Amino acid sequence: MHELSIAQNIVEIIHKHIPEAEWEKVASVHLKIGKVAGVVSDSLDFSFQAITAETSLRNTRLEVESIPFRVLCNACGVTTENEVGFTVCSECGSGNTKVLSGSELDITEIEIAEPAVKIS
Amino acid sequence: MSIVTIERKVLEKNDELALQNREVFQRHGLFVVNIVSSPGSGKTSILEQTLEHLKNKLHIAVIEGDVQTDFDAQRVAKFNVPVVQIVTNGGCHLDAKLVQDALASINLDGIKLLIIENVGNLVCPANYDLGENVKVVVASTTEGDDKPLKYPTMFRNASALLINKIDLLPYINCNLTELKTNALKINPKLKVFETSCTTKQGIAEWCTWLEKQV
Ligand SMILES: Nc1nc2c(ncn2[C@@H]2O[C@H](COP(=O)(O)OP(=O)(O)OP(=O)(O)O)[C@@H](O)[C@H]2O)c(=O)[nH]1
Ligand SMILES: [Mg+2]
Ligand SMILES: [Zn+2]
């Protein structure tokens, strides 16, 4: 259950980048999670909701964008995707490849809800 | 709505500490191995065999990670090498901070090889860089041949795979060729050793490889 420790890291990053007065207004946090990052989005969501339930981040949702595992083959030049995480090229079987994506565990954006009616 | 763009690694704090550990290791001319596997694949047994084999050739220190107990550290201490036990109290992996704290209680002077035995778990330790030079994954024949497909991240990030308990092959349903093929599809660069801590098969080859990396 390292999703719990990942959720704690997300909370710390929000605290670091958003002034305390705005924490209540953090509507969502956008994450990029690679297909083979070894992180289960549902468990992460569950952990995040559990640790923020009674805090100023209780209204914050996690928005996860799943990033495919993509491999570029240096032998045949084809880029392929696979779910398992095979690094060998699924076109020609070569092991001379470069992993382009799929291991991400990034936080990209924090969305702050502004008051519905702004007094100008 | 207003959007704050931040673009950071979620585990940036761990990565920073891992970098600090890496600097400490480099300063001491240390080579560091992070051993990972499911519970009970034989990490400590391999460590015992490795110490037996290399302790007169190389100065070795060990960090043991377990959820509870210092049993593994006690097993290692019999070889008269510096050893520190990290007890995670439920934590399913070691992180760079725990290793940094453990380093404070080891005198690294003269040590050439530091072996870190991670908590028995094939999933969680994969995300946490400790500052090591290489990860070594142990998979035992009793776990079946599909482990690499079920836990690809660990196999992709490792430099070597030890297929342990090879002595048990005649008694169980594990297709060794299948296991190796699966592992190499995940990571064609993986150096594969077949080992047994009871018959000592493959231990010398593994130790020779390890000694060469240092
Ligand atoms: N037959 C056989 N048994 C082995 C071998 N290697 C280890 N074992 C046995 O497997 C059991 C677990 O070994 P450990 O070395 O404690 O495994 P570990 O990976 O360190 O376990 P944790 O630290 O608890 O995750 C012990 O009973 C060992 O004696 C082997 O090569 N062959
Ligand atoms: Mg052990
Ligand atoms: Zn190809």
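Predicted model only: the values in this text are computed from it and were never measured.

> Would you mind going over helix α2 (residues 41-52) of chain A with me for this structure?
Residues spaced three or four apart along an α-helix face the same direction, because each turn holds 3.6 residues. End to end, α2 of chain A covers 16 Å across 12 residues, agreeing with the expected 16 Å (1.5 Å per residue, within 8%). Those residues of α2 of chain A that are buried lie in contact with α1 (2-17), β1 (26-34) and β2 (61-67) of chain A.

> Just checking my understanding: could you explain the sheet that holds strand β5 (residues 113-117) of chain B for this structure?
In sheet architecture, strand pairing relies on hydrogen bonds along the backbone and comes in two forms, parallel and antiparallel. Residue and element names in this part refer to chain B. The strand order across the open sheet formed by seven strands is β4-β3-β5-β2-β6-β7-β8, and the pairing between neighbours is parallel. Each edge of the open sheet is held by one strand with a lone partner, namely β4 (83-87) and β8 (191-194). Taken over all neighbouring pairs, the strand axes of this sheet differ in orientation by 20° on average, direction set aside. Inspection of the sheet shows strand β2 (residues 31-37) paired to β5 by five bridges, in the parallel sense. Paired with V33 across the strands is I115, a residue of β5. Taken strand by strand, helix α8 (residues 203-213) contacts β2, β5, β6 (134-140), β7 (160-164) and β8, and its axis lies near 145° from that of β8.

> It is not clear to me how the interface of chain A and chain B should be interpreted in this structure. Could you clarify?
As a measure of interface size, the accessible area lost when the parts come together is often cited. Taken residue by residue, the interface counts 34 residues in chain A and 29 residues in chain B. Contact between chain A and chain B buries roughly 2800 Å² in total, counting both sides, with carbon and sulfur atoms accounting for 57%. Our count for the chain A to chain B interface comes out at three salt bridges. A salt bridge links K9 of chain B to D106 of chain A, with the shortest nitrogen-to-oxygen separation between them at 3.5 Å. Run the count over chain A and chain B and you get 18 residue pairs in polar contact (both at pLDDT 80 or more). When residues of the side of chain A that touches chain B are traced back to their parent elements, those giving at least two are α1, β1 and β6 (105-112) of chain A. With nine residues, α1 of chain A is the single largest residue contributor to the side of chain A that touches chain B. Residue composition of the side of chain A that touches chain B, grouped by class: 19 nonpolar, nine polar and six charged.

> Quick question: what am I supposed to make of the site of ligand 1 here?
Residues and elements named next belong to chain B. As a matter of local geometry, ligand 1 sits amid 20 residues, with K43, T44, S45, D167 and C197 nearest to it. At 3.1 Å from a nitrogen atom of ligand 1 is found a side-chain nitrogen or oxygen belonging to N164. For ligand 1, whose unbound accessible area comes to 650 Å², protein coverage reaches 71%. By residue number, the principal contributor to the shell around ligand 1 is helix α2 (residues 43-54), which donates three residues. Split into classes, the residues belonging to the shell around ligand 1 amount to three nonpolar, 10 polar and seven charged.

> What should I look at first to understand the coordination of the magnesium ion (ligand 2) in this one?
All names here are of chain B. Coordination sphere of the magnesium ion (ligand 2), protein contribution only: T44 (OG1), D72 (OD) and E117 (OE), at 2.1 Å. Between consecutive donor residues of the magnesium ion (ligand 2), the sequence gaps follow T-x27-D-x44-E. Of this pair, T44 sits in helix α2 while D72 is found in helix α3 (residues 71-77), placing the two residues 28 residues apart along the sequence. Each member of the pair T44 and D72 is classed as buried.

> What exactly am I supposed to notice about the coordination of the zinc ion (ligand 3) here?
As a benchmark, a tetrahedral metal site with four donors has ideal angles of 109.5 degrees, while an octahedral site with six donors has ideal angles of 90 or 180 degrees. All names here are of chain A. Taken together, C73 (SG), C76 (SG), C89 (SG) and C92 (SG) make up the protein donors of the zinc ion (ligand 3), found 2.3 to 2.4 Å from the metal. Each of the four donor atoms around the zinc ion (ligand 3) contributes to a set of angles spanning 106 to 115°, which defines the coordination as tetrahedral. Here the donor residues for the zinc ion (ligand 3) map to a single chain with the spacing C-x2-C-x12-C-x2-C. Residue C76 is found in the loop between β3 (70-73) and β4 (79-81), and its partner C92 is found in the loop between β4 and β5 (97-101); the two are separated by 16 residues along the sequence. On the basis of relative accessible area, C76 is assigned to the partly exposed category, the value being 34%.

Reading guide: rules and limits
Residues numbered from 1 in each chain as written. Chains lettered and ligands numbered in written order. Predicted model: local features only at pLDDT ≥ 70, side-chain atom pairs only at ≥ 80, totals over all residues. Heavy atoms only, no water. Helix = DSSP H or I, 4+ residues; strand = E, 2+ residues; numbered from the N terminus. Expected span 1.5 Å × (residues − 1). Contact = heavy atoms within 4.5 Å. Pairing = 2+ DSSP bridges. Axes fitted to C-alpha atoms, helices over the stretch in contact; angles between N-to-C directions. Buried area = accessible area lost by both parts, 1.4 Å probe. Salt bridge = Lys/Arg side-chain N within 4 Å of Asp/Glu carboxyl O. Polar contact = N/O pair within 3.5 Å; in protein donor to acceptor, adjacent residues only side chain to side chain. Nonpolar A, V, L, I, M, F, W, Y, C, P; charged D, E, K, R; others polar. Near = heavy atom within 4 Å. Areas by Shrake-Rupley, 256 points an atom, 1.4 Å probe, with all protein chains shown as cover. Donors = N, O, S within 2.8 Å, 3.2 Å for Na, K, Ca; no water. Buried < 20%, exposed > 50% of the residue type's maximum accessible area, 1.4 Å probe, protein only. Tetrahedral: all angles 85-135°; square planar, octahedral: opposite > 155°, others 65-115°.

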